[in-house]
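Chain residues, written in single-letter form:
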Amino acid sequence: MNRINKVFKNKKDILSIYFTAGFPNLSDTNSIIQSLDNSGVDMIEVGLPFSDPLADGPTIQQSSTIALKNGMTTTKLFDQLKGLRKVTNIPIIIMGYFNPILQFGVEAFCKKCSEVGIDGLIIPDLPIKYFEQNNKSIFSDHDLHNMFLIAPQTPEERIRHIDKISNGFIYMVSS
């Protein structure tokens, strides 16, 4: 059973924390994960920095810019996460834009996620229809949950469709 499912099965109140990989320093990713785990968080969202984080607020935009200037890349993130499951057993989710994943190669990205112990992905700009046609089976083959986003303005019909194709949870954007 995926670690995300285990958390939701065993806990009522869940604390999930987001941070940008490679921020404030390139080598801080693992120490932040260990600190969060030691602090009792239930799930961690590791932000994969992107050069054009248009859907993010100023804080994440700034941390992504600094992480990229520090030299963070998709390959470096996977290198940093190689020993992940030796230090924590809580669910780890990568949150980022689809462009870096597409450039890395979706199959290769999912394979690397599986190898290092990533449990799921939140990709805000991944079109649902594209996911269903091209990526759903790849994610499933690598036991990766994909969480879609909804907002207060999302029509009920779309929410129900997202619920049918999602696993893990649905990410509710508050504003």
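Procedures and definitions
- Residues numbered from 1 in each chain as written.
- Predicted model: local features only at pLDDT ≥ 70, side-chain atom pairs only at ≥ 80, totals over all residues.
- Heavy atoms only, no water.
- Helix = DSSP H or I, 4+ residues; strand = E, 2+ residues; numbered from the N terminus.
- Rg over C-alpha atoms; globule rule 2.2 N^0.38 Å.
- Buried < 20%, exposed > 50% of the residue type's maximum accessible area, 1.4 Å probe, protein only.
- Contact = heavy atoms within 4.5 Å.
- Salt bridge = Lys/Arg side-chain N within 4 Å of Asp/Glu carboxyl O.
- Phe/Tyr/Trp six-rings, centres within 6.5 Å; stacked < 30°, edge-to-face > 60°.

(A) The arrangement of the overall build of the chain in detail. The number of helices and strands found in the chain is nine helices and seven strands. Against the compact-globule benchmark of 16 Å for 175 residues, the chain has a radius of gyration of 15 Å, which places it among compact chains. Based on the C-alpha atoms only, the size of the chain along its principal axes is roughly 45 × 35 × 30 Å. Per-residue burial for the chain yields a buried fraction of 43% across its 175 residues.

(B) Spotlight on the environment of Asn135. If you trace the backbone, Asn135 turns up in helix 8 (residues 128–141). In this structure the C-alpha to C-alpha distance between Asn135 and Val106, which are 29 residues apart in sequence, comes to 7.6 Å. In this structure Asn135 touches Phe98, Val106, Leu126 and Tyr130, once residues within four positions along its chain are discounted.

(C) The side chain of His145, seen in detail. The residue His145 is located in strand 5 (residues 145–147) in this model. Residue His145 is classed as buried on the basis of its relative accessible area, which comes to 6%. Non-local contacts of His145, meaning those with residues more than four positions away in its chain, are made with Asn2, Ile4, Asn5, Asp119, Gly120, Leu121, Asn167 and Gly168.

(D) Examining the pattern of salt bridges more closely. Counted by the stated rule, this structure contains seven salt bridges. Among the salt bridges present, the one from Asp119 reaches Arg3, with a minimum N-O distance of 2.8 Å. Of this pair, Asp119 sits in the loop between helix 7 (106–116) and strand 4 (120–122) while Arg3 is found in helix 1 (residues 3–10), placing the two residues 116 residues apart along the sequence. What makes Asp119 buried here is its relative accessible area of 3%. Across the pair Arg85 and Asp119 runs a salt bridge, and its minimum N-O distance is 2.8 Å. Of this pair, Arg85 sits in helix 5 (residues 84–87) while Asp119 sits in the loop between helix 7 and strand 4, and the two are 34 residues apart along the sequence. Take Arg85: its relative accessible area is 25%, and that puts it in the partly exposed class.

(E) Inspection of the packing of aromatic side chains at higher detail. Evaluation of the coordinates by the stated rule reveals eight aromatic pairs. Measuring from ring centre to ring centre gives 5.5 Å for Phe78 and Phe104, while their planes differ by 55°; the resulting arrangement is tilted. Of the two residues, Phe78 sits in helix 4 (residues 74–80) while Phe104 sits in helix 6 (residues 98–104), which places them 26 residues apart along the sequence. Phe78 gets classed as buried once you look at its relative accessible area, which sits at 3%. Overall, the relative accessible area of 27% leaves Phe104 in the partly exposed class. With 5.2 Å between their ring centres and 65° between their planes, Phe78 and Phe109 make a pair best called edge-to-face. On the criterion of sequence distance, the pair formed by Phe78 in helix 4 and Phe109 in helix 7 is long-range, its members being 31 residues apart. Judged by relative accessible area, which is 1%, Phe109 ranks as buried.

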